[in-house]
Amino acid sequence: MLANTMVCFIRVSVLVLILFLFLSPANASRSFPDKTRDGVDESGIEIDLGLEFSEAPEYRNEPQCPVSSGEEEGSVSVCDPVLIHIAMTIDVEYLRGSMAAVHSIRKHASCPDNIFFHFIASNSNSINPDVFPRIVKSVFPSLNFRVYAFDDSSVKNLISSSIRPALESPLNYARIYLVDLLDGCVDRVIYLDSDVLVVDDIQKLWRTNLIGSRVIGAPVYCHANFRRYFSDEFWSDEELSEVFAGKNPCYFNTGVMVMDLGRWREGQYTKKIEKWMEIQKERRIYELGSLPPFLLVFGEEVQGIDHRWNQHGLGGDNVVSSCRRLHPGPVSLMHWSGKEKPWKRIDGGKPCPVDHLWAPYDLLRSRQQKEQLLISSYSL
């Protein structure tokens, strides 16, 4: 009897010790801080949010892929001509989505080692941008990437209130400044929102031909009611609405764009977009964040891309939560644009059917999952 009691006591003690060590912040190598700098709060104690990312599987180039000039030395130059460049924003709120998006891109790419990721992080919040490189490197050890600190102080003064608070984030406007943030040798980039999954070879999107002088390419939707994106005041003012005179503008979602940065720079498109943002501050001519200025500047001058590359709206309406189905036809990219995000609906216990397509790419390991995994393995 005493022996059995001692065995039980030892088992419980060992389990408690393992749980303590396993869940200790000092051992959560992929945890990220929630305030101040370098993962340390004002008292000098490391912050642990109870969130940990698993290391992603390794994906390697197929034999036919071109070889990067710096691959043998273990470091790839951002200026290497064989690279595919992808830009995304990165922050704590959407970090889980960003990691899933990168995971999906590499999984389905024929040449994953030839992809270079450019992550844009705000330098004005409580998280030190230097934290993100460590997180990304721990999840994707062989990833080619850089993290750029975005000084959003200037754009803050140009942002007006939107139909949804998330659309007012300065980081949501970082796509306008890619030409200033990225190296000058990067003359083309694919911009992607953090709430996407790519289930096709990204090289196909990269090869989009921007005909003539077109600066951006995106799936366009010419059947949409274009008038609803702007106020009655805009349409009644002939000086403002003249921007669309003689044109057949189409809606496009700015969460998936192929961008020619050389042409963007030559045409000074950042200033053109900022001009409309200044008018918006004075006149209130639209309600939908960073999208309308793009529609005003580019109008019908957008290179159309197959709709399979942006199955958007999977996050429901901008105001009302709702589940939506995939559009008919082939799918290369799924986009949870809208109010809800798949990780939030999954955590809330109310996922939509399309959210189950996102879940296999999720790399987050929660505290509860770690506890359950440890207890299950111990019980065996």
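All of these numbers come straight from a predicted model, not from anything done at the bench. (Residues numbered from 1 in each chain as written. Predicted model: local features only at pLDDT ≥ 70, side-chain atom pairs only at ≥ 80, totals over all residues. Heavy atoms only, no water.)

I would appreciate a short explanation of the sheet that holds strand E10 (residues 256-260) in the present structure.
Each strand in a sheet pairs with another by means of backbone hydrogen bonds, the pair being arranged parallel or else antiparallel. Sheet architecture is open: seven strands sit in the order E4-E3-E2-E5-E10-E7-E11, paired in mixed fashion. Two strands close off the open sheet at either side, each with one partner strand: strand E4 (144-150) and strand E11 (303-304). The pairing of strand E7 (residues 216-218) with E11 spans two bridges and is parallel. Opposite glycine 217, over in E11, you have glutamine 303 as the bridge partner. Packing against the sheet, helix H2 (residues 95-108) makes contact with strand E2 (84-89), strand E3 (115-122) and strand E5 (188-192), and its axis sits at approximately 165° to E2. The sheet strands contacting helix H3 (residues 131-139) are E3 and E4, and the helix crosses E4 at an angle near 160°. (Pairing = 2+ DSSP bridges. Helix = DSSP H or I, 4+ residues; strand = E, 2+ residues; numbered from the N terminus. Contact = heavy atoms within 4.5 Å. Axes fitted to C-alpha atoms, helices over the stretch in contact; angles between N-to-C directions.)

What should I look at first to understand the packing of aromatic side chains in this one?
The geometry of an aromatic ring pair comes down to the distance between the two centres and the angle between the two planes. A complete count under the given rule lists 22 aromatic pairs for this structure. Taking the centre distance of 6.0 Å and the plane angle of 65° together, the rings of phenylalanine 234 and phenylalanine 244 count as edge-to-face. With phenylalanine 234 in helix H7 (residues 232-236) and phenylalanine 244 in the loop between helix H8 (238-241) and strand E9 (251-252), this residue pair connects regions lying 10 residues apart in the sequence. Phenylalanine 244 shares its class with phenylalanine 234; the two are buried. Taking 5.7 Å as the distance between ring centres and 40° as the angle between the ring planes, the aromatic pair formed by tryptophan 264 and phenylalanine 298 counts as tilted. One end of the pair, tryptophan 264, is in helix H9 (residues 261-267); the other, phenylalanine 298, is in helix H11 (residues 291-298), and 34 residues separate them in sequence. Each member of the pair, tryptophan 264 as well as phenylalanine 298, is classed as buried. The ring of tryptophan 206 carries arginine 188 above its face, with NZ or CZ at 5.8 Å from the centroid. When the ring centre of tyrosine 269 is taken as reference, the NZ or CZ atom of lysine 272 above it lies at 4.5 Å. (Phe/Tyr/Trp six-rings, centres within 6.5 Å; stacked < 30°, edge-to-face > 60°. Buried < 20%, exposed > 50% of the residue type's maximum accessible area, 1.4 Å probe, protein only. Lys NZ or Arg CZ within 6 Å of the ring centre and 35° of its normal.)

Can you walk me through the nonpolar core in this structure?
Most often, soluble globular proteins keep nonpolar side chains buried together rather than apart. Residues Phe230, Trp264 and Phe298 are the most contacted members of the largest nonpolar core, which totals 54 residues. Counting residues per element, this core draws most heavily on H11, which supplies six residues. Ignoring any residue separated from it by four or fewer positions in sequence, one finds tryptophan 264 in contact with Ile176, Val179, Val215, Ile216, Met259, Tyr269, Thr270, Ile273, Phe294 and Phe298. Counting residues in each nonpolar core, the second largest holds 39 residues, with Met99, Ile105, Ile127 and Phe140 among its members. (Core = buried A, V, L, I, M, F, W, Y, C linked by side-chain atoms within 4.5 Å.)

Sorry, what's going on with the state of the cysteines here?
Structurally, a disulfide amounts to a covalent bond that connects the sulfur atoms of two cysteines. Following the criterion strictly, the structure yields four disulfides and no others. A disulfide bridge connects cysteine 79 with cysteine 185, and the sulfur atoms are separated by 2.1 Å. With the S-S bond torsion at -80°, the cross-link from cysteine 79 to cysteine 185 turns out left-handed. Highlighted residues: cysteine 79 in the loop between strand E1 (51-53) and E2 and cysteine 185 in the loop between helix H5 (178-181) and E5, separated in sequence by 106 residues. What makes cysteine 79 partly exposed here is its relative accessible area of 41%. The disulfide bridge from cysteine 323 ends at cysteine 352, spanning 1.9 Å between sulfur atoms. When the S-S torsion is -80°, as for the bridge of cysteine 323 with cysteine 352, the disulfide is left-handed. With a gap of 29 residues between them, cysteine 323 in the loop between E11 and strand E12 (333-335) and cysteine 352 in the loop between helix H12 (342-347) and helix H13 (355-358) connect regions that are remote in the sequence. Described in terms of the sequence order of its bonded cysteines, the disulfide pattern of the protein is 1-3, 2-4, 5-6, 7-8. (Disulfide = S-S within 2.5 Å.)

Just to check I follow, could you spell out the pairing of E3 for this structure?
One face of the sheet, then the other: side chains in a regular strand alternate in exactly this way. Counting buried positions along E3 gives eight out of eight residues, so the element sits mostly inside the fold. Inspection of the sheet shows E2 paired to E3 by six bridges, in the parallel sense. In the strand pairing of E3, isoleucine 86 is matched with phenylalanine 117. Running through H2, the crossover from E2 to the neighbouring parallel element E3 is right-handed. Where E3 lies against E4, seven bridges are found, and the strand directions are parallel. Each bridged residue has a counterpart across the sheet, and for phenylalanine 119 the counterpart in E4 is valine 147. (Right-handed = clockwise from strand over helix to strand, strands pointing away.)

How should I be thinking about the environment of proline 66 in this particular structure?
Structurally, the position occupied by proline 66 is in the loop between E1 and E2. Each C-alpha atom of the pair proline 66 and asparagine 114 lies 8.1 Å from the other, and the pair is 48 residues apart in sequence. In contact with proline 66, not counting residues within four places along its chain, are Asn61, Val82, Cys111 and Asn114.

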